[in-house]
Amino acid sequence: MSISFLIIAVLIVGSTAAAMGLRNPIHCVLTLSITFGGIAALFLQLGAEFVGLTQIMVYVGAVAILAVFAIMMTQSRRGLMLGTFSRNALVGLLTAVAVFSVLGWAVLSQPVAGVTAAVSPVSVQQIGSSLMHEYVLPLELIGLLLTAALIGAIVIAMERKEDTE
Amino acid sequence: MTQTPDQVFVILKHWLLGYVPTSVHAIASAVLSILPLMVVFPLLFAITTLLERKGLGRIQNRLGPNRTGPMGLWQPLADGIKSLTKEDIVPFTADHIVHFLAPVLLVVAAFLAYAVLPVGRNMALVNLNAGVLFFFAVGSVVELAVFMAGWSSRSKYSMLGAMRAIAQMISYEVPLVLASVVVIMQAGSLSTVDIVERQATYTGIFPHWYVFTPWGFLGFILFMIAATAESNRSPFDLPEGESEIIAGYYIEYSGFKFALFFLGEYLGMFATSGIAITLFLGGWSAPLSVLTFIPSWAWFFLKLLTLICMFIWVRGTLPRLRMDQLMNFAWEFILPMALFNMVIAGLWRFMNPGAVRWFVCAFLILVPMFVLSALLKRKKKLQLRTYSFAE
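An account of the accompanying structure is given in this report.

What counts as what
- Residues numbered from 1 in each chain as written.
- Chains lettered and ligands numbered in written order.
- Predicted model: local features only at pLDDT ≥ 70, side-chain atom pairs only at ≥ 80, totals over all residues.
- Heavy atoms only, no water.
- Core = buried A, V, L, I, M, F, W, Y, C linked by side-chain atoms within 4.5 Å.
- Buried < 20%, exposed > 50% of the residue type's maximum accessible area, 1.4 Å probe, protein only.
- Contact = heavy atoms within 4.5 Å.
- Helix = DSSP H or I, 4+ residues; strand = E, 2+ residues; numbered from the N terminus.
- Buried area = accessible area lost by both parts, 1.4 Å probe.
- Polar contact = N/O pair within 3.5 Å; in protein donor to acceptor, adjacent residues only side chain to side chain.
- Axes fitted to C-alpha atoms, helices over the stretch in contact; angles between N-to-C directions.
- Parallel < 35°, antiparallel > 145°, perpendicular 65-115°, else oblique.
- Nonpolar A, V, L, I, M, F, W, Y, C, P; charged D, E, K, R; others polar.
- 1 Å grid on protein atoms, 1.4 Å probe; cavity = no way out; pocket = protein on both sides within 12 Å on 5 of 7 lines; lining within 4 Å.
- Points joined across faces, edges and corners; volume = space filled by probe spheres on them.
- Expected span 1.5 Å × (residues − 1).
- Bend = angle between axes of the 7 residues up to and from the residue.
- Phe/Tyr/Trp six-rings, centres within 6.5 Å; stacked < 30°, edge-to-face > 60°.
- Lys NZ or Arg CZ within 6 Å of the ring centre and 35° of its normal.
- Salt bridge = Lys/Arg side-chain N within 4 Å of Asp/Glu carboxyl O.

## Topic: the nonpolar core
Phe-41, Tyr-114, Val-146, Trp-215, Phe-223 and Phe-270 of chain B are the most contacted members of the largest nonpolar core, which totals 122 residues. Ignoring any residue separated from it by four or fewer positions in sequence, one finds Phe-41 of chain B in contact with Tyr-114, Val-119, Leu-267, Phe-270, Phe-301 and Leu-304 of chain B.

## Some words on the side chain of Thr-35 of chain A
Residue and element names in this part refer to chain A. Here Thr-35 is to be found in helix H2 (residues 25-45). For Thr-35, a relative accessible area of 6% gives the class buried. For Thr-35, the residues in contact, after removing those within four places along its chain, are Ile-12, Ser-15 and Thr-16.

## Brief notes about the interface of chain B and chain A
Frequently, the measure chosen for interface size is the accessible area removed from exposure when the parts meet. Taken together, the contact pairs 24 residues of chain B with 23 residues of chain A. Counting each side, the surface lost to burial between chain B and chain A is near 2000 Å², with a carbon and sulfur contribution of 78%. It is Leu-133, Leu-144 and Phe-147 of chain B in chain B that bury the most area against chain A; as a group they hold 25% of the surface buried on that side. Taken together, chain B and chain A are joined by four residue pairs in polar contact (both at pLDDT 80 or more). Mapped by element, the contributors of at least two residues to the side of chain B that touches chain A are helix H5 (131-152) and helix H6 (156-187) of chain B. Element by element, the count of residues in the side of chain B that touches chain A is highest for H5 of chain B, at 11 residues.

## Re the environment of Arg-62 of chain B
Residues and elements named next belong to chain B. Along the chain, Arg-62 turns up in the loop between helix H2 (25-59) and helix H3 (75-85). Taking relative accessible area as the criterion, Arg-62 reaches 41% and is therefore assigned partly exposed. Not counting residues up to four positions away in its chain, the partners in contact with Arg-62 are Leu-56 and Gly-57. At 2.7 Å, the side chain of Arg-62 forms a polar contact with the side chain of Gln-60.

## What to know about the packing of helix H8 (residues 214-230) of chain B against helix H13 (residues 355-379) of chain B
All names here are of chain B. H13 packs onto H8 with a crossing angle of 40° between their chain directions and a minimal axis gap of 8 Å. Relative to H13, H8 is oriented oblique. Between H8, through Pro-214, Trp-215 and Leu-218, and H13, the contact on the second element is made entirely by Trp-358, Cys-361, Ala-362, Ile-365 and Met-369. The class makeup of the residues in the contact of H8 with H13 is eight nonpolar, no polar and no charged.

## A closer look at unusual backbone geometry
The backbone phi angle of Asn-61 of chain B is positive, close to 65°, even though this residue is not glycine. Inspection of the secondary structure assignment puts Asn-61 of chain B in the loop between H2 and H3.

## Section: the layout of surface pockets
All names here are of chain B. Looking at the second largest pocket, its volume works out to about 1200 Å³. Lining the second largest pocket are 40 residues, and of these Phe-45, Thr-49, Asp-79, Phe-258 and Phe-262 lie nearest its centre. Only H2, H3 and helix H10 (255-279) provide two or more residues apiece to the lining of the second largest pocket. The biggest single contributor to the lining of the second largest pocket is H10, with nine residues. Among the residues forming the lining of the second largest pocket, the class breakdown is 20 nonpolar, eight polar and 12 charged.

## What to know about H6 of chain B
All names here are of chain B. Between its terminal C-alpha atoms H6 stretches 46 Å, which fits the 46 Å expected from 32 residues at 1.5 Å a residue. The sharpest bend along H6 comes to roughly 25°, located at Tyr-172, with the proline Pro-175 sitting one to four residues further on. Of the residues one or two after H6, Gly-188 is the one with positive phi, at around 70°.

## Some words on the packing of aromatic side chains
Residue and element names in this part refer to chain B. Going through the model one piece at a time under the given rule, you end up with 21 aromatic pairs over all chains. Measuring from ring centre to ring centre gives 5.6 Å for Phe-135 and Phe-136, while their planes differ by 75°; the resulting arrangement is edge-to-face. In this structure Phe-136 comes out as buried when scored by relative accessible area, which is 5%. Clustering of aromatic rings is evident, with ring pairs tying together Phe-41, Phe-111, Tyr-114, Phe-300 and Phe-301. Over the ring of Trp-348 we find Arg-357, and its NZ or CZ is 3.8 Å from the ring centre.

## Focus: the pattern of salt bridges
Residue and element names in this part refer to chain B. Applying the stated criterion across every chain, the model contains three salt bridges over all chains. Taking the shortest distance from any N to any O, the salt bridge between Asp-79 and Arg-53 comes out at 2.9 Å. With Asp-79 in helix H3 and Arg-53 in helix H2, this pair connects stretches of sequence that are 26 residues apart.

## Describing the environment of Trp-348 of chain B
Among the structural elements, Trp-348 of chain B can be located in helix H12 (residues 323-350). Setting aside residues no more than four positions away along its own chain, Trp-348 of chain B makes contact with Gln-186, Thr-213, Pro-214, Trp-215, Arg-357, Trp-358 and Cys-361 of chain B.

## Some thoughts on empty space enclosed by the protein
Residues and elements named next belong to chain B. Here the structure, examined in full by the defined rule, presents one cavity of 30 Å³ or more. In this model, the largest cavity occupies a volume close to 330 Å³. Lining the largest cavity are 23 residues, with Gly-139, Val-142, Glu-230, Gly-268 and Thr-272 sitting closest to its centre. Counting only elements with at least two residues in the lining of the largest cavity, the list comes to helix H4 (96-112), H5, H6 and H10. Of the residues contributing to the lining of the largest cavity, the split by class is 14 nonpolar, six polar and three charged.

Dropping the structure here:
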């Protein structure tokens, strides 16, 4: 465990805890975007440049902004304050324990091969060519799905002329 | 390759590193590379503020600042001292922590973008495998800083300004990225250093800059339009709109925090111009092979200053767009053209080099451009505007 990993880990855990504990939803989103940045830093530290930078671009640049916009447009003028504990905290706790135990079981059941030699970092070019050759069908399918979602969103958001008349 | 004036800064750095014990070599090397960037670009900011005020003054038929020092040369210094000594006012209802962090985040993000900028031969701070992607990733953090500034001030004007700014930045980020994709397709690399090196070769005396190809020219124009919008400059300065919402998201900032916003905005503009130079204008390479005796870093900064002057000229010339015009322009014209440009860039790659390829691609770009603009023009009923409350 290197020092940089420790710093990043503390940052991620701390900001996630803050995102759950803070009462102002905007603060929650802002601390959550620190988490996103921390995860990106983790990817960068592992030599996955493309994934790390895409993480920042998508999550900080788009997802956090979207969340912020949604909160801003829906909350009242005085600002909405969240309670730290929700009413169904017990259900949430059970779900969290279940997810954690499944993840823990999955990790622990893997044969630990010790610390293997560092994998040579994958270049963007390799990712691109494997997307275009090996995984071209999944890529196209995801593209189709996203296009359908986009059209759906526009249809929902579109003004309906006949309703107003 | 390694003429002394060209590599003078690299040589200087290595010479200085010779005096440093090897145990702290890595840190010293990083500091020696970062410090010049953090000195040179804010200095350029100071020069640009003066240049801009002088240039705008000329365009508007007045003199511009001329009271401090000879020809008003000390004006940036006076501005700096003024903003440092001003009272730092934070609104009573503001969210103090977020209010404080917003300008800091903006400036940090603006500075980070310089990490991948090759300002001269062997003079990029880091040669990232995904350098262009790094630039856009850092640029997307700016949006969050703008939101933080607008929201934490608890003012209607800041909020409106932030909403406008974010809507604009998100809309224009798409064409900005798509316009630069053509260069990545041609260069086959996301590394800014590689992209410049591909362009720094010559046929006869002419360089292989991407701006000299049809798709590169269109890409450059689209990129510069999107970059203007991205840096919230006139004619896309609705987020600031002095006559409508006073100063937008940084209205509640005073003193040095306001100066930081100002700095961050200009640093962002320089960085985007720098990336435009890197992608389309051949980075540090000389425009003619006979001019390579002039150092590479001098070429970079000459090009940067040219683009800055262009920005000032545009600001002094064009009126501000309306919000719907701004959005329609991005989504209906720039985005389709950027997508089409990618197809042309692909075609260019698979055609034989020569004049035929150039003219075929140029023709294929011009035709859809005119068709698209004619279609868009027909959709809008152009007529004299009637005012409800004026006249």
